[in-house]
Amino acid sequence: MKEINTIFLDVDGTLTDGRVYLDNGKNEFKSFNVKDGLMLVAAIKLGYDVIIMTGRKSEVVARRAAELGIEEYYQGVRDKKNALEKLMREKGITYGNLAYLGDDLNDLAVMKEARFAGCPRDAAAEVKEVSDLISEFKGGEGAVREILTHLLKARGDYHKVIEGFTEKEN
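Calculation criteria
- Residues numbered from 1 in each chain as written.
- Predicted model: local features only at pLDDT ≥ 70, side-chain atom pairs only at ≥ 80, totals over all residues.
- Heavy atoms only, no water.
- Helix = DSSP H or I, 4+ residues; strand = E, 2+ residues; numbered from the N terminus.
- Rg over C-alpha atoms; globule rule 2.2 N^0.38 Å.
- Buried < 20%, exposed > 50% of the residue type's maximum accessible area, 1.4 Å probe, protein only.
- Contact = heavy atoms within 4.5 Å.
- Areas by Shrake-Rupley, 256 points an atom, 1.4 Å probe, with all protein chains shown as cover.
- Lys, Arg positive; Asp, Glu negative; His and termini not counted.
- Charge placed at Lys NZ, Arg CZ, Asp CG, Glu CD.
- UniProt positions renumbered as here; feature names shortened; annotations may be inferred.
- Polar contact = N/O pair within 3.5 Å; in protein donor to acceptor, adjacent residues only side chain to side chain.
- Salt bridge = Lys/Arg side-chain N within 4 Å of Asp/Glu carboxyl O.
- Pairing = 2+ DSSP bridges.

Colleague: Whenever I open this one, the overall build of the protein chain confuses me. Can you help?
Modeller: Each helix and strand in the protein chain was counted, giving seven helices and eight strands. A compact globule built from 170 residues should have a C-alpha radius of gyration of about 15 Å, and the protein chain, at 15 Å, falls within 12% of that. For the C-alpha atoms alone, the extent of the protein chain along its principal axes is close to 50 × 35 × 35 Å. Counting all 170 residues of the protein chain, 48% fall into the buried class. Contacts in the protein chain between residues far apart in sequence, at least 24 positions, make up 53% of those at least 6 positions apart. Surface accessibility of the protein chain: about 9,100 Å² in total, with carbon and sulfur atoms responsible for 46%. Charge-centre separation for the protein chain: the mean point of 26 positive side chains lies 1 Å from the mean point of 30 negative side chains.

Structure, rendered in C-alpha cells:
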C-alpha cells in the first residue's frame, strides 16, 4: 500500500447515504458526514491526490468538493473505467497508485483493478466481494473516514494526522 498516492471517491452511497432529495423547484439536497470530510482534508494536507468521480451531476457535489479543497471532480460520468483510465494517462497515475472508494455496480470495474478498494457496509454485494476493506459504517455515515484511517495507518501516515491536531501553535 506504500505506492498509493491517489484516492478516488464515488459520491452517492459512499460520501452520502445515497439518497437524493429533490424539491418542486430545481433544488437538490444531499447529506455529507463531516467526519468523512475531516479525514479527506487531512489526506489532502498530507499530499494525497483526492479525486471525485460520480455518475450524477449536482451543484451540491461541486460545493462540497470546494469546501474540502478537492480541486478535481468529475460529474455525469457513466463509464467510470474509461474516464478514469483517460485521466490516469493524463496525470501519470497507475492502478498501482490508486485507492478507490465506491459502493455500487458502476464502481466495480475500477475497484477490481485498484491497488486498494474500500466500500461502505451497505454497498452492493458484488462490490463487497472485490473490496479490501468493508467499513463497519454505511455510506454517508463515516465509512470514508474509517477506510481512509485504515489506509493512512497502513501507509504509516496516520500519526501525522493526529500530530496536526495535537501540536500547539507558536
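Colleague: Looking at this structure, how should I read the UniProt feature "binding site: substrate" (unreviewed entry) in the protein chain?
Modeller: The feature "binding site: substrate" (unreviewed entry), as annotated in UniProt, sits at Asp12 in this numbering. Mapped onto the fold, aspartate 12 is located in the loop between β1 (6-9) and β2 (21-22). Look at aspartate 12 and you get buried, because its relative accessible area is 14%. With residues near it in sequence (within four places) discarded, aspartate 12 still touches Gly18, Val20, Lys30, Thr54, Arg56 and Asp103. A distance of 2.5 Å separates a polar atom in the side chain of aspartate 12 from a polar atom in the side chain of lysine 30.

Colleague: Just to check I follow, could you spell out the environment of aspartate 17 for this structure?
Modeller: Within the secondary structure layout, aspartate 17 lies in the loop between β1 and β2. When its relative accessible area of 28% is taken as the criterion, aspartate 17 is described as partly exposed. Sequence separation of aspartate 17 and lysine 138 is 121 residues, and the distance between their C-alpha atoms is 7.1 Å. Not counting chain neighbours up to four residues away, the residues in contact with aspartate 17 comprise Ser31, Gly139 and Gly140.

Colleague: Help me understand the pattern of salt bridges, please; the structure alone is not making it clear to me.
Modeller: Pairing is possible between side chains of opposite charge, provided their charged atoms come close. The final tally for this structure, using the stated rule, is 17 salt bridges. In this structure, aspartate 12 and lysine 30 form a salt bridge, with 2.5 Å as the shortest nitrogen-oxygen distance. Taken together, the residues aspartate 12 in the loop between β1 and β2 and lysine 30 in the loop between β3 (28-29) and α1 (34-45) connect sequence positions 18 residues apart. In this structure lysine 30 comes out as buried when scored by relative accessible area, which is 12%. A single salt-bridge network, built from bridges that share partners, covers Asp12, Glu28, Lys30 and Arg56.

Colleague: Explanation requested: the pairing of strand β6 (residues 98-101) in the structure shown.
Modeller: Put simply, side chains in a regular strand alternate between the two faces of the sheet. On β6, burial covers both faces: Leu98 and Tyr100 on one face and Ala99 and Leu101 on the other are all buried. Sheet topology places β1 next to β6; four bridges connect them, and they run parallel. Looking at β6, one finds that isoleucine 7 is bridged to alanine 99. Bridge count between β6 and strand β7 (residues 116-119): three bridges; the pairing is parallel. In the sheet register, tyrosine 100 faces β7, and the bridge partner there is alanine 117.

Colleague: Mind showing me how you'd approach the UniProt feature "binding site: Mg(2+)" (unreviewed entry) in the protein chain here?
Modeller: Residues annotated in UniProt with the feature "binding site: Mg(2+)" (unreviewed entry) correspond here to Asp10 and Asp103. Spatially, the listed residues are clustered: although they cover 94 residues, their C-alpha atoms lie within 7.5 Å of one another. Mapping aspartate 10 onto the fold places it in the loop between β1 and β2. Within the local environment of aspartate 10, its side chain forms a polar contact with the side chain of threonine 14, the two groups lying 3.2 Å apart. Relative to the helices and strands, aspartate 103 resides in the loop between β6 and α4 (108-113). Classification of aspartate 103 as buried rests on a relative accessible area of 10%. Beyond its immediate stretch of four places on either side in the chain, aspartate 103 contacts Asp10, Asp12, Gly13, Thr14, Pro120, Ala123, Ala124 and Val127.

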